[in-house]
Amino acid sequence: MKYLKLFIFCSILLSFNANALLEVNIIKSKEASFPIVIAPFEIIGNSKENEDIAKIIRDNLNRSGQFRALSSDALVTNQIDFNFWKEHKKDAVVFGKIEQISPKVYNVYIYIYDVFSEKSLYQKKITVSNSGFRRIAHFLSDKIYNVLLGQKGSFNTRLSYVTVTDNSTNGERTYRLQISDSDGYNPQTVVKSPNPILSPAWSKNQKKLAYVSFKNNRSEVFVITPFMKTIPVKLPRFDGIASSPTWHPNGESIALTISKNGNKDIYLYNLKSKQLERLTTNISIDTEASFSPDGRSIAFTSNRTGQVQIYIKKLKSGKISRATFEGNYNAKPVFSPNGKDLALIHRVGKDYRVALLDIASRDLTIMTQNKSDESPYFSPNGGMIIFSTNRDNKGILSIISLHNNQIVELMQKTGEVREPTWSNYSN
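Rules used throughout
- Residues numbered from 1 in each chain as written.
- Predicted model: local features only at pLDDT ≥ 70, side-chain atom pairs only at ≥ 80, totals over all residues.
- Heavy atoms only, no water.
- Helix = DSSP H or I, 4+ residues; strand = E, 2+ residues; numbered from the N terminus.
- Contact = heavy atoms within 4.5 Å.
- Areas by Shrake-Rupley, 256 points an atom, 1.4 Å probe, with all protein chains shown as cover.
- Core = buried A, V, L, I, M, F, W, Y, C linked by side-chain atoms within 4.5 Å.
- Buried < 20%, exposed > 50% of the residue type's maximum accessible area, 1.4 Å probe, protein only.
- Phe/Tyr/Trp six-rings, centres within 6.5 Å; stacked < 30°, edge-to-face > 60°.
- Lys NZ or Arg CZ within 6 Å of the ring centre and 35° of its normal.
- Pairing = 2+ DSSP bridges.
- Axes fitted to C-alpha atoms, helices over the stretch in contact; angles between N-to-C directions.
- pLDDT = per-residue confidence, 0-100.

Chemist: Quick question: what am I supposed to make of the overall build of the chain here?
Modeler: A count of helices and strands for the chain gives 3 helices and 33 strands. Across its three principal directions, the C-alpha atoms of the chain cover 75 × 50 × 45 Å. For the chain, contacts bridging at least 24 residues in sequence account for 44% of all contacts bridging at least 6. Carbon together with sulfur atoms contributes 47% to the accessible area of the chain, which is approximately 19800 Å² in total.

Chemist: How should the nonpolar core be read in this particular structure?
Modeler: One broad rule of soluble globular proteins: the nonpolar side chains tend to lie buried together. Within the largest apolar cluster, 28 residues are counted, with the highest numbers of intra-cluster contacts made by I36, I38, I53, I57, L61, V108 and I144. Residue assignment for this core shows that the elements contributing at least two residues are strand 4 (34-38), helix 1 (53-64), strand 6 (67-70), strand 7 (92-102), strand 8 (105-114), strand 9 (119-129) and helix 3 (133-149). With 7 residues, the single largest contributor to this core is helix 3. Among the nonpolar cores identified, the runner-up in size contains 14 residues, and V212, V223, A242 and I258 belong to it.

Chemist: Looking at this structure, how should I read the packing of aromatic side chains?
Modeler: Any two aromatic rings considered together are summarised by their centre-to-centre distance and by the angle between their planes. Here the structure, examined in full by the defined rule, presents 13 aromatic pairs. Seen in terms of ring centroids, F95 and Y113 are 5.9 Å apart; in terms of plane orientation they differ by 15°. Their pairing is stacked. Pair noted here: F95 is in strand 7 and Y113 is in strand 8, with a separation of 18 residues, a long-range link. Where Y329 meets Y352, the ring centres are 5.2 Å apart and the plane angle is 85°; that geometry is what we call edge-to-face. Of the two residues, Y329 sits in the loop between strand 24 (320-322) and strand 25 (330-335) while Y352 sits in strand 27 (residues 351-358), which places them 23 residues apart along the sequence. Among the aromatic residues, those joined into a cluster by ring pairs are F34, F67, Y145 and F155. The ring of Y109 carries the charged tip of K97 above its face, separated from the ring centre by 4.8 Å.

Chemist: When you look at the sheet that holds strand 12 (residues 188-193) in this model, what are you seeing that I'm missing?
Modeler: Backbone hydrogen bonds hold the strands of a sheet together, and the pairing may be parallel or antiparallel. One open sheet holds the 4 strands; their spatial order is 12-11-10-33, and the pairing between them is antiparallel. Of all strands in the sheet, those bounded by a partner on one side alone are strand 12 and strand 33 (416-422). Between one strand and the next, the sheet's axes are offset by a mean angle of 20°, whatever the strand orientation. Direction of pairing for strand 10 (residues 158-166) relative to strand 33: antiparallel, over a ladder of 5 bridges. Of the residues in strand 33, the one forming a bridge with V164 is E416.

Chemist: What is the right way to look at the confidence of the model for the chain in this model?
Modeler: In low-pLDDT regions, the fine details of the predicted coordinates are not to be read closely. Chain-level statistics for the chain give a pLDDT mean of 89 and a share of 92% at 70 or above. Between residues 1-19, whose pLDDT stays under 50, and residues either more than four places distant or in other chains, the model counts 53 contacts.

Chemist: What's the story with unusual backbone geometry in this structure? I'm lost.
Modeler: Peptide bonds are trans in most cases, and residues, glycine excluded, mostly fall at negative phi. For S244, which is not a glycine, the phi torsion comes out positive at approximately 50°. Counting through the fold element by element, S244 comes out in strand 17 (residues 242-247). Residue S244 is classed as buried on the basis of its relative accessible area, which comes to 14%.

If you want it as structure tokens, here you go:
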């Protein structure tokens, strides 16, 4: 087993504004990242935009672990001092400007230059309303990521998670299913309940969320369209409690765990035909299914050997093979976007940690050094994993970069946050 290096804590603490639910603490590793400058955007005329686009971009790129994005002391214009940036070992310079063209409409310009070739790599003008600056900043972050690394970014996407707060008056708990931008800003509560909410799961097209609720005093699966004001739709009352929903990539079916006659197995429910198909038939517990990106396989957790391990079933042939062999507890598998790896929870002694499994080689890499990690999930480009953990007896979310093992902690200002998932790209 390969143990990654211990993390080096650095004193970087970023506080979100009033529109953010979470605070961010960055924990960095020693690995080198792409050194670039994201200069402050020039304000043209009487522009009154109140979002620091350059800062949002820097924070996004730094959170990925792929970049070391810094600011500059002054504006950068087309008269770039390339020798200066070469001396300071910066590989690229990004700058832009914001121009107001009406009370609520702006033009945003962005320029990306390679320092060593002294050539323009990308430039674009985008028209945006005053309420869309953060979304444009995420879009531009993805563009910079793609131009400089040749890969898709994951910034213009969304998170979903469950928050839990205690009422100091009556001692009761409030559960909220929430969605936010990928950096934790713009949180929205889509379901609020005094009963537990678990296991949110995005459909591939980012339009729907499935989740588990105990609102009827039993575990049931609901589906909600978070961007439309619609009432959550409950899946049929199956013969047994339902849990652990996950979407088929085609968006037409949901795999879930149903306990019939006290035995938990994985079933596939077709939302159009209303048909239920049984996928596993073992007398042991089979649960926590995850579809491969092509929809041809599922990974799932089972104790069929007397230990909690992960298995993969090919849906066409029905063949089931064991995926994990190291340790006596591996659970909560999730396929990477390229289908080659599984993120999972691996037990080390009494500790539960995020691990990465190479499916072909069975090489298991422990990613964290925590005591109680849960619910890992890949970013849509596969470059990061979000998961929940416990810090000072409080549930928080963390994002780990697969490039350099950097961890970013997203800490709920009140209460705790858990059960994260990451949306796919918008269509």
